[in-house]
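Structural features, examined
Below, each chain spelled out in residue letters.
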Amino acid sequence: MGDDSEWIKLPIDQKCEHKLWKARLNGYEESLKLFQRIEDEKSPEWGKYLGLIKKFVTDSNAIAQLKGLEAALAYIKRAHVAAKTTGEVVSGVVTKVFNQPKARAKELGMDICLMYIEMEKAEAVQDELLKGLDNKNPKIIVSCIETLRKGLNEFGSKIITLKPVVKVLPKQFESREKAVRDEAKLLAVEIYRWIRDALRPPLQNINSVQLKELEEEWVKLPTSAPKQSRFLRSQQDLKAKFEQQQASRGDEVDGDDDDGEPAVQVDPYELLEPVEILSKIPKDFYDKIEAKKWQERKEVLEAVETLVKNPKLENGDFGDLVRALKKVVGKDANVMLVTLAAKCLAGLAAGLRKKFGTYAGIVVPTILEKFKEKKPQVVQALQEAIDAVFLTTTLQNLSEDILGVMDNKNPSIKQQASLFLARSFRHCTTSTLPKSVLKPFCAALLKQVNDSAPEVRDAAFEALGTAMRVVGEKAVNPFLTDLDKLKLDKIKECADKVELPGGKKAGGGVGAEKKEKPASKAPAPAEAPSRSSGPPRKAPVAIKSSGPPKKGKPASAPAGKGKKGLETKEVIETELSLEVCEERSAVVLPASCMQLLDSANWKERLASMEEFQRAVEQMDSAEMPCQALVKMLAKKPGWKETNFQVMQMKLHIVGLVAQRGSFSKTSASVVLDGLVDKVGDVKCGGKAKEGLTAIGEACSLPWTAEQVVSMAFAQKNPKNQAEALNWLANAMKEFGFAGINVKGFISHVKTALGATNPAVRMAAIALLGVMYLYMGAPLRMFFEDEKPALLAQIDAEFEKMQGQSTPAPFRGTKKGAEDVGEEPDEQQEEEGGAVDIMDLLPRTDISDKITSDMVSKIGDKNWKIRKEGLDEAVAVISEAKFILPPLGELSLALRGRLNDSNKILVQQTLTILQQIATAMGPGLKQHVKSLGMPIITVLGDSKTNVRAAAMATLQAWVEQTGMKEWLEGEDLSEELKRENPFLRQEVLGWLAEKLPTMRVVPGDLMLCVPQLYGCLEDRNGDVRKKAQEALPMFMMHLGFDKMNKATGKLKTSSKDQVIGMLEKARAVMPAKPEAPAGKAGTSKASNGKAAPALSKAKPESDDYGFGEPKAEAKKIKPGAAKKGTVGKKPPVKASVKDDEDRSGPIFIVVPNGKEQRIREEKGLKVLKWNFMTPRDEYVEQLKTQISNCMAKWLQDELFHFDFQRHVRAISTMMERMEEESDATIGCLDLILKWFTLRFFDTNTTVLMKVLEYLKMLFAMLSRQNYHLNEYEASSFIPYLILKVGESKDVVRKDVRAILAMLCKVYPASKVFPFLMDGTKSKNSKQRAECLDELGNLIGNYGMNVCQPTPAKSLKEIAVHIGDRDTSVRNAALNTVVAVYNVCGEQVYKLIGNLSEKDMSMLEERIKRSAKKVQAPPPKQTAERSQRENPPNPTATFIRKPAQVQEEVPNRLNQARQNAHHDQSAPFIPKEFQLDLDMIENDHTRVRELPDLVQHKLDELLEPIVIPEPKIRSVSPHFDDLHNSTASTINFVISQVASGDINTSIQALAQIDEVLRQEDKAEAMSGHIDQFLIATFMQLRLIYNTHMADDRLDKRDIFKLYSCIIGNMLSLFSMESLAREASMGVLKDLMHGLITLMLDARVEDIEDGQQLIRSVNLLVVRVLEKSDQTNILSALLVLLQDSLTTTAGSPMFSELVMKCLWRMIRFLPETISSINLDRILLDVHNFMKVFPKEKLKQLKSDVPHRTLKTLLHTLCKLTGAKILDHLSMIENRNESELEAHLRRVVKHSGNLSGFKSDRGTEKGALRMDDRMSKAKVSDILSEIFKKIGSKENTKEGLTELYEYKQNYSDADLEPFLRNTSQFFQSYVERGLRIIESEREGKNRIQSTGLAIPQHGLDSSSGPLNTNGEELKPAVYYERLKILRQRQGLENNSRQQQGGEEERERPPVTSLLSKPSVASSTDMLHSKLSQLKESRELYQHDPAHSHSPTRSSSPSANLDDLKKRLERIKSNRQ
């Protein structure tokens, strides 16, 4: 007893664990009583027993166990936490209860299992029961099967998942235990009740006796669908409904049809296990299938057929197998094998289902083509195959292939294609067979209805009838308008006979809809309710809105529901005879009017017209006989009326009749011809256009426009054509673009563009501009083949239209109000504007070009060959430009390459797929499953660049296809199942971006939810983050309830966590996108009752932005109008109330509120506003502070979860800013703090709105002269600076603007430290932007802004020069340059020690810097503001010299002269920013020459200190140049080369204005070289700097390019100016333009191709208009340079040669204007650098041929006189040119009259030319003998060399042919040695001759005084003179007589290539001219010449070098 009393005292839970069974029994009994007493399911008592329940059921004592089971059942029924015990308890029941002999124990165990199922734990219970089936104890197996059967019987197949049960069922039939088999049989019968025949396939392989028994039992089952009798806790509403039905015995009533759905929905396929067959295919299959013996082919096909008979196949790569089978079907001659292959394809399609869709596009065309076979067994097999394939894809994907064979000549193919369509239509619904898909099929079938073959006609009738049955008459009838009644009846008859599978209802028809509603509702949801529910909702709105206008015609409303019915009446209106028209007109018109219509007196006709007009105005529109009236107007004289007043009245009346009456197209056709005839009339044209517009409103613009344009171009009157096009352009703006037949108009527009009349061309271009507004860039593609000039005009028109929005249409058809809900495809028509335009483009079918060779290459083992194959594919697609959807076998080949081990090929494949997306357009949809989904797989690649390429490709595809196709099916969920973190995060991020933009998503999105939940708990943090971002987007479409329900299958721990996330996501879930605005507008335009409803709903929509009220207004059904109105009233009232509340002030002014908040923060009473990311406590604190200062509704908006509320709140604050400016300033600290929170949001819309507000705010603060305090600044500026590193350019741009404005309300010196902190960020963009801003602050405000000290700040800035990021380095360098511009050389001390590399970068940047330095910062700021906002350009130019006077000119002298000058000296590093004219006009200060950079002459011309001279003008030439106009032009030209894009564009615009005005253009004369130099320097700057700078907007660069090219085109259109361009400048210009044409980066810019075409046009213009000598010479030198440079592009040389060929082609016309001496000198120099042998060694022979052609052409044109033009060539006997010319002239037979006084040597040469061949042979034989002998070898070689020099055309080959290779090499080497020796002597001789010549002319006067001879080379001449005086130039020689003066090239150039007066030489000349003027007057002012230097040149050079060393040492 002691023991008993001991455990009796224990608590209940301890008793239950006691070792004594009696104690446990007592514990179980007491716990049972306790459990029955506890009412609260969430009581803490339940938790105590949570871990004990398993022990309750697994007790080892049978008696105690029985009581424990009762207690456990009570616990599970009542405890909320019981669900957590499911797994362990059910496992215990299976193992420890089901094996008990007591029936009560088993019963309780089953009840426990069923109770867990009721608690939503069916899956866990089912898993444990299925595990029990593997137990060895048959009792346990029997009990498990029985439990499953009971669960299924009570809960139904919705709760009990049948697939795993069916999977194990066959195994139970094989059990040795009869009890198991019997129980399995009962379970099979129960399953059959729920899924019917779906159970048969899985049980086909069980014992036949058992199967027979089952069949007998199945037959006995009732046919009615079973119903769920026990319900889950979440199904209590269904339970109540079920009990009510049971009570009323109304089981048969249509109450809970949803429960019957599973019986229909269960697919046998889903219950099957997939079979893997790829590995079982015979290994020699692919060899034998190609075998010659048909028996071998048959053998392997039969093996495959056996494998594919498996009803469900495991997915794999079936591409090779499909291709092999397709080949057999298409090409095998044995019909038996064709049948076998077709059966194999059918088996594959049936076994793979949707997964076979990838291959559908490959096999369908082949099967369709094979229908030409007439053997029934073949046709049947093909039909089965194509039907099976259809079920794996969509009709839309196959449409191209089917339509392709509908026009086939073979009637069998046409018949079978139609029959296939008929069978396919049966499987479609109204949603899967939309109008866009049905329309082309109907058009093709209508042709076949009239086919000569009866079987084709019958098949077409059947297909059309099936379509009508599926989608309804209403949808099909619009396509059948041209059919006669007999054929229409035949189609309807076919429609009645059609039986849809599964007893589906017909859709779309009115009658069908009416019958459907009272019938059973079950089928309706089964047909994709979400998709099909759209159209019916729109219809009632149409009925309502069209009510009032239809009062006069009540019958038309039910028939047509819109304009379709009415338009049909108008179209079929019969034409009335003239007599009938007169009768009807007489009824409504006065008799006098009728009589005087054709009077001979114009005044009577006018009076008649006036009466006519009055009658029409007073006439009732319903009774107006429009056709009769217009025929009266057309009555003689009709449209031939000669009096303009009468005609104006007539035209006006036509417009009135069209506006007021029911004007039909028949009536319109009566008057249109007359109106078009008068549209070009000066007096009547306006009225004619008004009439046309009225007809357009009555009969629709598309029809009217087509008629008008056709009639106009049928006439020959250009005025009418031009005005018709002008009217159409205007009408498009008024009516909109909907329905316009673009293809039709384009043909007429092309005709107009080719018209001779300019007015017609201009009208056509204007029309194209309007069309461009609606169509965009694709429009241009129709005109690619137009002439370049015309294309340039079109491009200019398009450019004008860029950026403009399409005007809102305000005209439309009179019946437009009735069209609101006319068609289900309304949305498609609205959204499909771009698609329609893309469909207009001519597309190429490339499937024929995808050869098997290319496909095999792409699949080759060698990656190089694979790459070749891919390159071929690229070439095919590029050549086609726009392609049709069929890709042949390319799709499979590319799919394989996406898995390539070579990542380069993967990226190339992705690039190809992007190219395909652009080329194919919307047709890409059919490839989404086959090629699109593999792109998603690539997103899982480990390499970032591959993933980035895949995402770019994916976005390109989605842009063309939309998202719907990607979300349909299970493909996307399958991808997410892959446990690849990269793939998951990329896909989820993509979905999070795309889902918010969709209004409707396919239901298959639900399949992705389990994977989404899995990603929420993924090990990878990025995956979890992306999943959380995507969660609200999924919920937006699927709803919280659905997603919450989907958590039922999760583990308990996961479920709670996910539900918490769902709750959070619910709070931030965005609203669905609103319906397109166009629809709402149309609805409001309607005159019915719907419009007021919408207007009532509008305030709510405006306030909350969800757009739902509008949608609801559309969905109201006529019968439920009252109900809908009642439901809407409360929200509308609330909305009105909100509006009233919001009318008050939004900010509440609290006296000293801001000061109080500052004190609290200083006293640490509140959190200081300082954080890395905002925590909840900061948000709560701000919310508390704001509560006293802002309206309640605004607070709610500001802290709402929905970002749209934030946007609306900011908009309100913007609207109220001005009126509540004081209150805004009072709350400024709180406003700025709230905006800092928004900086941490990821929503770009909010961010852009925030920045917009801040710009307005700081502008207002600046106007109010308000200054931020420290408290406000420190809580805002650091967070603003965070956003300056944003990745989006537009955000950074706005932040920069705000920072600039910030300095107006807060000291720049205090902003500086914040920016310095920003430079420490990890974000490279932020660092770069902060550094740029620092540079701007220093540039604008001077060094005082640098805090705490300039030295400390600059040291920190200079550290970034060594940054890894290029943009940061550049920004740091630019900032230091900005400091340099302010303080000069002192910057080197401030920045401290830098590494050698960084210092060299800095010095280089300072050297290249183009910015001029201003002296003191305050003055600098003032001058900058003046420069930025000059009152007028002239004023700026006038002030400029004054500024220059105050500057010390040289950087070096600044360091030297700091003691003498107060101001900092400027550094002028770029020659093109030096205004030389102003320097020359400055007579007041000592001037020094600036550094000449980038040339060797710098060392010799280093500036030195010069005493102050008395300066006067150098020559009259200078006075002419330096007037005010020239100064202005010089200044503007200097700005063209500016590093700032905007400055350059402004300068170019000013020059363009001058060039476009002929009277002003002459002002540019004399400045052409200067302008061209600046221009190509800017081109070089863009090429090297701007294009490489990612921060610059490429559109700005494009604009700059456009300005440059526009200016050049204007300049080179004026021949007088163009001819001023010198040769050197033209050379550099051509170099720049050709480089631009070859710049691949330009193509990446939008409209880059257009830019390149413009450059091409410019190059042609330059070649035509320039001085022909200069341009030809420039091209020759450019070619020489390009061939010399090994790094150059071969394309460059090729383009230069193309230019030369063009010049050669025009030589016959231009030869008279060409200076042949100069050209031949250039050719000579070219041939010196590239002798004949060297030229032939080049890779291409084109340069050689080009040169020969040039010389040949010159010889041909000038004859023997060409030899007289070699005067400029030194040592002519050494020139290859003369010998070549002589040969050419000799061959031309022009040497007979040649006379020359060249001396005896020339005469000897002439004699030698006539030497006989025999003598030549003897001489050469003698020479070669000498070479062959040891003694005379050298002499022989010397003679051979001299012989070759004299007879360069001598042929040595016959003498060398038979010699050894060694001898030939020996001869060549010997000749080269002699040649080099002789060249060395010549070089010494020429040098020796050149040196003494210097002294002869050293004292001669300047040669530049002869203005007539200088021409453009004036500056070069001056430089040459200066060089001579300095001892740096050889003597110049003057040509005798009146010839032009020509310079002798310097010594160095004689030995290498010739010197070319390039653009830099031009600049040198100007600088040297300045230096010359200083030297002229620094000595005796009376002398006009510089003093003669007595010392030798070498002495002068030594002296200069010493001085240079001194200068360098001083600088250091």
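This is a predicted model, so every value here is computed, not measured.

1. Considering the overall build of the chain
Helix and strand counts for the chain stand at 113 helices and zero strands. Sorting the 2012 residues of the chain into buried and exposed places 50% on the buried side. By sequence separation, contacts in the chain at least 24 residues apart represent 74% of the contacts at least 6 residues apart.

2. Here's the deal with the pattern of salt bridges
One pass over the full model with this rule turns up 76 salt bridges. For glutamate 302, the salt bridge identified is with lysine 298, shortest N-O distance 2.7 Å. On the criterion of helical spacing, the pair formed by glutamate 302 and lysine 298 is a turn pair, its members being four residues apart in helix α18 (residues 294-308). Glutamate 302 sits in the partly exposed class, given a relative accessible area of 33%. On the accessibility criterion, lysine 298 (22% relative accessible area) is partly exposed. Glutamate 968 is the partner of lysine 964 in a salt bridge, and the nearest nitrogen-oxygen pair spans 4.0 Å. Exposure remark for glutamate 968: the relative accessible area of 18% places this residue in the buried category. One salt-bridge network, in which partners are shared between bridges, spans Glu118, Glu154, Arg230 and Arg233.

3. Structural notes on unusual backbone geometry
For the peptide bond that leads from glutamine 1347 to proline 1348, omega is 0 degrees, which places it in the cis range. The phi dihedral of serine 700 falls on the positive side, at around 80 degrees, and the residue is not glycine. Relative to the helices and strands, serine 700 resides in the loop between α41 (685-699) and α42 (701-714). Note on serine 700: relative accessible area 14%, which makes it buried.

4. Some remarks on the side chain of serine 1544
Relative to the assigned elements, serine 1544 resides in helix α88 (residues 1541-1556). Ignoring anything within four residues of it in the chain, the contact list for serine 1544 reads Gln1535, Val1536, Ser1538, Gln1578 and Leu1600.

5. What to know about the packing of helix α45 (residues 758-775) against helix α46 (residues 788-801)
The interhelical angle for the contact between α45 and α46, taken along N-to-C directions, is 40 degrees, at an axis separation of 9 Å. The pairing of α45 with α46 is recorded here as oblique in orientation. Once α45 is placed against α46, the crossing between them reads as right-handed. On α46, the residues touching Met762, Ile765, Ala766, Leu768, Gly769, Val770, Tyr772 and Leu773 of α45 are Leu790, Gln793, Ile794, Glu797, Phe798 and Met801. The class makeup of the residues in the contact of α45 with α46 is eleven nonpolar, two polar and one charged.

6. Some details on helix α66 (residues 1153-1162)
For α66, the set of buried residues is Gly1153, Lys1154, Arg1157, Ile1158 and Glu1161. Projected down its long axis, α66 shows its buried positions confined to an angular sector of 140 degrees, all on one face. In α66, the exposed positions angled more than 90 degrees off the buried face are occupied by Arg1159 and Lys1162. Against the buried residues of α66 lie α67 (1176-1186), α70 (1221-1226), α71 (1228-1238) and α73 (1270-1274).

7. What about the packing of helix α26 (residues 454-471) against helix α28 (residues 485-497)?
Axis separation between α26 and α28 bottoms out at 7 Å; the angle between their running directions is 65 degrees. Read as a crossing pair, α26 and α28 show a hand that is right-handed. Residues Asp458, Phe461, Glu462, Leu464, Gly465, Met468 and Arg469 of α26 form the contact with α28, whose participating residues are Lys487, Lys490, Ile491, Lys492, Cys494 and Ala495.

8. Comments concerning the packing of aromatic side chains
In the structure shown here, the tally under the stated rule is 26 aromatic pairs. Ring geometry for tyrosine 192 against tryptophan 218: centres 4.4 Å apart, planes inclined by 5 degrees, an arrangement best described as stacked. Note that tyrosine 192 is positioned in helix α12 (residues 178-195) and tryptophan 218 in helix α13 (residues 208-220), a separation of 26 residues in sequence. A centroid spacing of 5.0 Å and a plane angle of 10 degrees characterise the contact between phenylalanine 737 and tyrosine 774, whose relative ring orientation is stacked. Here phenylalanine 737 is found in the loop between α43 (718-735) and α44 (742-753), whereas its partner tyrosine 774 is found in helix α45, with 37 residues between them in sequence. The exposure class of phenylalanine 737 is buried, given its relative accessible area of 14%.

9. As for the environment of threonine 392
Turning to its location among the elements, threonine 392 is positioned in the loop between α22 (376-390) and α23 (395-405). Exposure remark for threonine 392: the relative accessible area of 4% places this residue in the buried category. Along the chain, threonine 392 and glycine 357 lie 35 residues apart, while their C-alpha atoms are 4.9 Å from each other. Beyond its immediate chain neighbours, meaning those up to four positions away, threonine 392 contacts Ala349, Arg353, Lys354, Phe356, Gly357 and Ala360. Within the structure, threonine 392 has its side chain in polar contact with the backbone oxygen of valine 389 (distance 2.5 Å).

10. Thoughts on the confidence of the model for the chain
Interpretation of this model should avoid reading the predicted coordinates in detail wherever pLDDT is low. Scored by pLDDT, the chain has a mean of 75; 75% of the residues are at 70 or more. Ignoring residues within four places in sequence, the model shows residues 813-835, a span with pLDDT below 50, making 61 contacts including any to other chains. Between residues 1970-1994, whose pLDDT stays under 50, and residues either more than four places distant or in other chains, the model counts 44 contacts.

11. Re the environment of phenylalanine 1239
Checked against the element boundaries, phenylalanine 1239 lands in the loop between α71 and α72 (1244-1263). Its relative accessible area of 4% is what places phenylalanine 1239 among the buried residues. Separated by 40 residues in the primary sequence, phenylalanine 1239 and tyrosine 1279 place their C-alpha atoms 7.1 Å from one another. With residues near it in sequence (within four places) discarded, phenylalanine 1239 still touches Leu1247, Val1250, Leu1251, Leu1254, Phe1276, Tyr1279, Leu1280 and Lys1283.

12. A word on the state of the cysteines
Considering all chains together, one arrives at zero disulfides under this definition. Unpaired in terms of disulfides, cysteine 144 finds its nearest cysteine sulfur in cysteine 113, a separation of 7.8 Å. In this structure cysteine 144 comes out as buried when scored by relative accessible area, which is 0%.

Rules used in this analysis
Residues numbered from 1 in each chain as written. Predicted model: local features only at pLDDT ≥ 70, side-chain atom pairs only at ≥ 80, totals over all residues. Heavy atoms only, no water. Helix = DSSP H or I, 4+ residues; strand = E, 2+ residues; numbered from the N terminus. Buried < 20%, exposed > 50% of the residue type's maximum accessible area, 1.4 Å probe, protein only. Contact = heavy atoms within 4.5 Å. Salt bridge = Lys/Arg side-chain N within 4 Å of Asp/Glu carboxyl O. Axes fitted to C-alpha atoms, helices over the stretch in contact; angles between N-to-C directions. Parallel < 35°, antiparallel > 145°, perpendicular 65-115°, else oblique. Left-handed = near helix turned anticlockwise from the far one by under 90°. Nonpolar A, V, L, I, M, F, W, Y, C, P; charged D, E, K, R; others polar. Arc of directions from axis to C-beta. Phe/Tyr/Trp six-rings, centres within 6.5 Å; stacked < 30°, edge-to-face > 60°. Polar contact = N/O pair within 3.5 Å; in protein donor to acceptor, adjacent residues only side chain to side chain. pLDDT = per-residue confidence, 0-100. Disulfide = S-S within 2.5 Å.

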